[in-house]
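Survey of secondary and tertiary structure
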Amino acid sequence: MKRTIKKAIFPAAGLGTRFLPATKASPKEMMPIVDKPLIQYAVEEAISCGIEEFVVITGKNKRAIEDHFDSAFELEEKLRNSGKKKLLDEINKLSHINFAYIRQRVALGLGHAILCAQPFVKDEPFAVILSDDVVDPGCVLLKDMIKVYEELKCPVIALEEVPTSEVSRYGVIDGVMDGGIYRIKDLIEKPRPEEAPSNLAIIGRYILTPDIFDILEKQQPGAGGEIQLTDALRELLNRRVIYGYLIKGTRYDAGDKLGYLKATVDFALKNDELADDFRKYLLDRVKQTA
Ligand code: UTP
């Protein structure tokens, strides 16, 4: 097994029902935070961690993702001819990256989306990044998880403490702290608050090992009738140790309307071109509506 993580999977075939009607005909992953689509933040995060190979799991109505990472000859010519070098550099920033696309024919769940990537991953450990879980560009969550993997050679999943009233939206773990990380004892997908073993929720960053594929192949649908990654990880626990890594920093659930708005406001307040005017606008609005 290779020592480090060079491949990442970006599942993007979900139906995005929490964001309808916006996601009826266009991908949730292409929704922008300020001026950049969610999936580009995710890809840039992977690049910053040394990832070299990228596969996006796509589905119906997701063509815009492929177009976004493709060249745009006419637009590039126009920007070049009008001397807009900064914009030209910006749209060509990821032109050196080769993407693979695998189509998930039916949105059968995150576990199934990951199984679709098996021919690309083969027998290597790999990262999974859910682009609707946005972290600050400076956040080193995935980098830290890769370090844990390199040291312990075990799957590592990202965790966040959430209010107990929200646990039913997540996979939740039972675990014990062991040297700054959690050694996972059990995982439950979308538990009722009274059944949840903790308020440690699984968020959208995973370092997985290829033995998950054997399990996913046989996995029956779970919560919501979907093939759940959490259920497969629970099965994997019978065979090997899995660790949980608690995020240090902010994560936004941009697949949810409120989370998306929070990410937009926070990212705009950190944007050099917008921050001053936007802060003034927000302060005025808050005074008017208070
Ligand atoms: P979500 O739970 O956010 O589901 O999936 P969703 O369908 O995208 O959105 P809602 O809940 O209906 O609003 C988490 C991630 O897994 C991908 C999604 O694209 C998202 O990145 N996914 C989910 C797939 O690729 N395939 C699936 O069958 C389900």
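Heads up: these notes are all about the structure in this document. Quick caveat, the model's predicted, so the values are computed rather than measured. (Residues numbered from 1 in each chain as written. Predicted model: local features only at pLDDT ≥ 70, side-chain atom pairs only at ≥ 80, totals over all residues. Heavy atoms only, no water.)

1. Section: the overall build of the protein chain
Scanning the protein chain from terminus to terminus reveals eleven helices and 13 strands. Whereas a compact globule of 290 residues would reach a radius of gyration of roughly 19 Å, the protein chain reaches 20 Å, a difference of no more than 12%. With the C-alpha coordinates of the protein chain rotated into their principal frame, the extents come out at 60 × 50 × 35 Å. Across the 290 residues of the protein chain, 48% fall into the buried class. Nonlocal contacts in the protein chain, meaning residues at least 24 apart in sequence, comprise 76% of its contacts between residues at least 6 apart. For the protein chain, the centre of its 42 positive side-chain charges and the centre of its 45 negative side-chain charges are spaced 1 Å apart. (Helix = DSSP H or I, 4+ residues; strand = E, 2+ residues; numbered from the N terminus. Rg over C-alpha atoms; globule rule 2.2 N^0.38 Å. Buried < 20%, exposed > 50% of the residue type's maximum accessible area, 1.4 Å probe, protein only. Contact = heavy atoms within 4.5 Å. Lys, Arg positive; Asp, Glu negative; His and termini not counted. Charge placed at Lys NZ, Arg CZ, Asp CG, Glu CD.)

2. Structural notes on the pairing of strand E11 (residues 200-208)
The buried fraction of E11 amounts to nine of the nine residues, a majority that puts the element mostly inside the structure. Here strand E6 (residues 126-129) pairs with E11 via four bridges, running antiparallel. Bridge pairing links Ala127 to Ile207 in E11. As paired elements, strand E8 (residues 156-161) and E11 share five bridges and run antiparallel to each other. Within the sheet, the bridge partner assigned to Leu159 lies in E11 and is Ile202. (Pairing = 2+ DSSP bridges.)

3. What about unusual backbone geometry?
Residue Pro21 is reached from Leu20 by a cis peptide bond, and omega for that bond is 5°. Relative to the helices and strands, Pro21 resides in the loop between strand E1 (7-11) and strand E2 (32-33). In this structure, Lys122 is a non-glycine residue whose phi angle is positive, near 55°. For Lys122, the location among the structural elements is in the loop between helix H6 (118-121) and E6. Exposure remark for Lys122: the relative accessible area of 57% places this residue in the exposed category.

So far we have only geometry, and geometry alone does not tell us how the molecule works.
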